[in-house]
Amino acid sequence: MKNQHDEPLALPDKQAVRLYHCMPLSGVSYGVLLPDPAFSDTDFLPAYRWAEERLGFFPLFLAVGPEEAVSMTGYVNQWQRYIGTERKDDGTIANVYRRKGEFPNNVLFVFGKEAVAAHEAVFTDYMAWHIVLNETMNQHLHEAKIGVQAVRSLFKKSWSMARWYNHSRKALHDVQLLVPRLDLRQAQEVWVRNKSTARKLKAMGFANVKVKRLPVER
């Protein structure tokens, strides 16, 4: 008897609203992904903990919208050579670039809207999320001062799911979705950086794996 995940899923239109989650290849397995705070960036962890207190679960983040919304996930950053600056011993500032072998290998999972349970899905305004990030970064969680208006702007609790999805079509970098778990087997597409990674994902059981490189903004 075939499993429901054995059949390839139909590829949706690029302009359709979809959900996108990016993660390192090292963390991928063929099954249900659960969030692990141990893998979180230490600078952003207080913001994630703030969300956890509000939602009752430690969140996984998905970008929402047509294909242009992928830029919210950081998938393209794995091709970025320039990563910042550093102060040298003589006091001068120098640019820092990744060298061969230092580039990350990230995988992007693309889902249809039916992949998340409606009762678990919490939509947020990505622009308002930056308020939470800024207020909690490098601070103790309970020292953060996030006002009532910021919380309202973030969650927009009066908005229906349909309104969030409609908004994501117009504001291509505005809507993110927080969930407590994600079944990676339900991905309609899986994007990877090279053929070697594609072979590994296919061997795990994933269908519709695509080698897809995105241009880096200069």
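A. Spotlight on the overall build of the protein chain. When helices and strands are tallied, the protein chain shows five helices and eleven strands. Burial status across the protein chain gives 44% buried among its 218 residues. Put simply, 77% of the contacts in the protein chain that link residues at least 6 apart link residues at least 24 apart. On the protein chain, roughly 12,800 Å² of surface is accessible, and the fraction owed to carbon and sulfur atoms is 50%.

B. Expanded view of helix 1 (residues 45-55). Within helix 1 the residues assigned to the buried category are Pro-46, Ala-47, Tyr-48, Trp-50 and Ala-51. Considering only its buried residues, helix 1 is in contact with strand 3 (60-65), helix 2 (126-136), helix 3 (148-155) and strand 8 (175-179). Gly-56, located one to two residues past helix 1, shows a positive phi value of around 90°.

C. Expanded view of the packing of aromatic side chains. A complete count under the given rule lists 14 aromatic pairs for this structure. Summarising the aromatic geometry, the rings of Tyr-48 and Trp-129 are spaced 6.5 Å apart at their centres and angled 0° between planes, so their arrangement reads as stacked. One end of the pair, Tyr-48, is in helix 1; the other, Trp-129, is in helix 2, with 81 residues separating them in the sequence. For the pair Tyr-48 and Trp-129, a shared accessibility class is recorded, and that class is buried.

D. Quick look at the nonpolar core. Core analysis: the largest hydrophobic core is formed by 31 residues, its most contacted members being Phe-109, Phe-111, Leu-177, Leu-184, Val-190 and Leu-201. Going through the elements one at a time, strand 1 (18-24), strand 3, strand 6 (106-111), helix 4 (161-170), strand 8, strand 10 (189-192) and helix 5 (195-204) are the ones with two or more residues in this core. Those residues in contact with Leu-201, other than ones at most four positions away along the chain, are Leu-25, Val-28, Val-107, Phe-109, Val-190, Val-192, Phe-206 and Val-209. If you look at the next biggest cluster of nonpolar residues, it comprises 30 residues, including Ala-47, Tyr-75, Val-110 and Val-132.

E. Summary view of the confidence of the model for the protein chain. Summary statistics for the protein chain give a mean pLDDT of 87 and a share of 89% for residues scoring 70 or more. Across the protein chain, the element-wise mean pLDDT spans from 72 in strand 4 (residues 82-87) up to 98 in strand 10. In this model, residues 1-9 is a region of pLDDT below 50 whose contacts with residues beyond four sequence positions or in other chains number eleven contacts.

F. Broad picture of the pattern of salt bridges. All chains considered together, the criterion is met by eight salt bridges. Close ionic contact of Glu-67 with Arg-18 constitutes a salt bridge, the shortest N to O distance being 3.4 Å. With a gap of 49 residues between them, Glu-67 in the loop between strand 3 and strand 4 and Arg-18 in strand 1 connect regions that are remote in the sequence. Classification of Glu-67 by relative accessible area gives buried; the value is 18%. For Arg-18, a relative accessible area of 1% corresponds to the buried category. Among the ionic pairs, Lys-156 bridges to Asp-125, the shortest N-O distance being 2.8 Å. In this pair, Lys-156 sits in the loop between helix 3 and helix 4 while Asp-125 sits in strand 7 (residues 122-125), placing the two residues 31 residues apart along the sequence.

G. Spatial organisation of the sheet that holds strand 3. Spatial strand order, 7-8-3-1-6-10-11: seven strands in an open sheet with mixed pairing. For this open sheet the edge positions go to strand 7 and strand 11 (209-211), each flanked by a neighbour on one side alone. Strand-to-strand twist across the sheet, computed as the mean angle between neighbouring axes with direction ignored, equals 30°. Note: strand 6 against strand 10, three bridges, orientation antiparallel. Note that in strand 10 the partner of Leu-108 across the bridge is Trp-191.

Thresholds, definitions, all that
- Residues numbered from 1 in each chain as written.
- Predicted model: local features only at pLDDT ≥ 70, side-chain atom pairs only at ≥ 80, totals over all residues.
- Heavy atoms only, no water.
- Helix = DSSP H or I, 4+ residues; strand = E, 2+ residues; numbered from the N terminus.
- Buried < 20%, exposed > 50% of the residue type's maximum accessible area, 1.4 Å probe, protein only.
- Contact = heavy atoms within 4.5 Å.
- Areas by Shrake-Rupley, 256 points an atom, 1.4 Å probe, with all protein chains shown as cover.
- Phe/Tyr/Trp six-rings, centres within 6.5 Å; stacked < 30°, edge-to-face > 60°.
- Core = buried A, V, L, I, M, F, W, Y, C linked by side-chain atoms within 4.5 Å.
- pLDDT = per-residue confidence, 0-100.
- Salt bridge = Lys/Arg side-chain N within 4 Å of Asp/Glu carboxyl O.
- Pairing = 2+ DSSP bridges.
- Axes fitted to C-alpha atoms, helices over the stretch in contact; angles between N-to-C directions.

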